[in-house]
Amino acid sequence: CDFISAFAKIYVRGLLAGVFGSFGCSGEAMHMLEVSLRGLKMRLPLDGVQIKLIPSQDELEQCRQYGQKIGEHLMGVNTHRVVDMADLIRASQPRQ
């Protein structure tokens, strides 16, 4: 994660971040990226969108909606979500 290492040199605490992408193997990279960004104290208001291999039209729409929601968070039009402690613990554990 050389890209993430570069973030350690600049002040990113509290900045908004989002993760989405496709994968071909285990799909661990997205979880690792989310953990790294949270470790830098960046805000991830939404769970990332993870698609296996080539996205279908429905999955592309899911990505567009994700981008729309991230944009709403950036503009302050979002609704705050209530986070359950169990969700936080689950999010910190590697995905199977």
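Residues numbered from 1 in each chain as written. Predicted model: local features only at pLDDT ≥ 70, side-chain atom pairs only at ≥ 80, totals over all residues. Heavy atoms only, no water.

1. Observations regarding the overall build of the chain
Part 1 of the reasoning: The helix and strand inventory of the chain stands at four helices and two strands.
Part 2 of the reasoning: For the chain, the N- to C-terminal ordering of α and β elements is α-β-α-β-α-α.
Part 3 of the reasoning: For the chain, the C-alpha atoms occupy an extent of roughly 35 × 30 × 30 Å along the three principal directions.
Part 4 of the reasoning: By the burial criterion, 23% of the 96 residues in the chain qualify as buried.
Part 5 of the reasoning: Look at the contacts in the chain between residues 6 or more apart in sequence, and 70% of them connect residues 24 or more apart.
Part 6 of the reasoning: Put simply, the chain shows about 7,200 Å² of open surface, and 58% of that area lies on carbon and sulfur atoms.
Part 7 of the reasoning: For the chain, the separation between the mean place of its 11 positive charges and that of its 10 negative charges on side chains is 7 Å. (Helix = DSSP H or I, 4+ residues; strand = E, 2+ residues; numbered from the N terminus. Buried < 20%, exposed > 50% of the residue type's maximum accessible area, 1.4 Å probe, protein only. Contact = heavy atoms within 4.5 Å. Areas by Shrake-Rupley, 256 points an atom, 1.4 Å probe, with all protein chains shown as cover. Lys, Arg positive; Asp, Glu negative; His and termini not counted. Charge placed at Lys NZ, Arg CZ, Asp CG, Glu CD.)

2. Some points on the pairing of strand 2 (residues 49-52)
Part 1 of the reasoning: Of the two faces of strand 2, the one lined by V49 and I51 is fully buried and the one lined by Q50 and K52 carries no buried residue.
Part 2 of the reasoning: Pairing between strand 1 (residues 20-23) and strand 2: four bridges, direction parallel. Looking at the pairing, G21 lines up with Q50 of strand 2. (Pairing = 2+ DSSP bridges.)

3. Things to note about the pattern of salt bridges
Any two side chains of opposite charge can pair, on the condition that their charged atoms come close.
Part 1 of the reasoning: Evaluated as defined, the whole model comprises one salt bridge.
Part 2 of the reasoning: Notably, a salt bridge pairs R64 with E61, separated by 3.7 Å at the nearest N-O pair. Placement of the pair is R64 and E61 together in helix 3 (residues 57-75), with a separation of three residues, close to one helical turn. (Salt bridge = Lys/Arg side-chain N within 4 Å of Asp/Glu carboxyl O.)

4. Looking at helix 2 (residues 28-39)
Part 1 of the reasoning: Here helix 2 is 12 residues long and its end C-alpha atoms lie 16 Å apart, about the 16 Å a rise of 1.5 Å per residue gives.
Part 2 of the reasoning: Residues of helix 2 that are buried include every one of M30, H31, E34 and L37, and no others. Down the axis of helix 2, the buried side of the element spans an arc of 125°, and every buried residue falls inside it. Summarising the geometry of helix 2, the exposed residues directed more than 90 degrees from the buried face are A29 and G39.
Part 3 of the reasoning: Where helix 2 terminates, the next one or two residues include K41, which has phi positive at roughly 70°. (Expected span 1.5 Å × (residues − 1). Arc of directions from axis to C-beta.)

5. Quick notes on the environment of K69
Part 1 of the reasoning: By the element assignment, K69 lies in helix 3.
Part 2 of the reasoning: Between the alpha carbons of K69 and G24 there is a distance of 26 Å; along the sequence they are 45 residues apart.

6. Considerations on a nonpolar patch on the surface
Part 1 of the reasoning: Where nonpolar side chains cluster on the molecular surface, the patch consists of L74, M75 and V77 and spans about 360 Å² of accessible area.
Part 2 of the reasoning: Within the secondary structure, M75 sits in helix 3. (Patch = residues over 30% accessible without salt bridge, like charges linked within 9 Å, V, L, I, M, F, W, Y side chains within 5 Å.)

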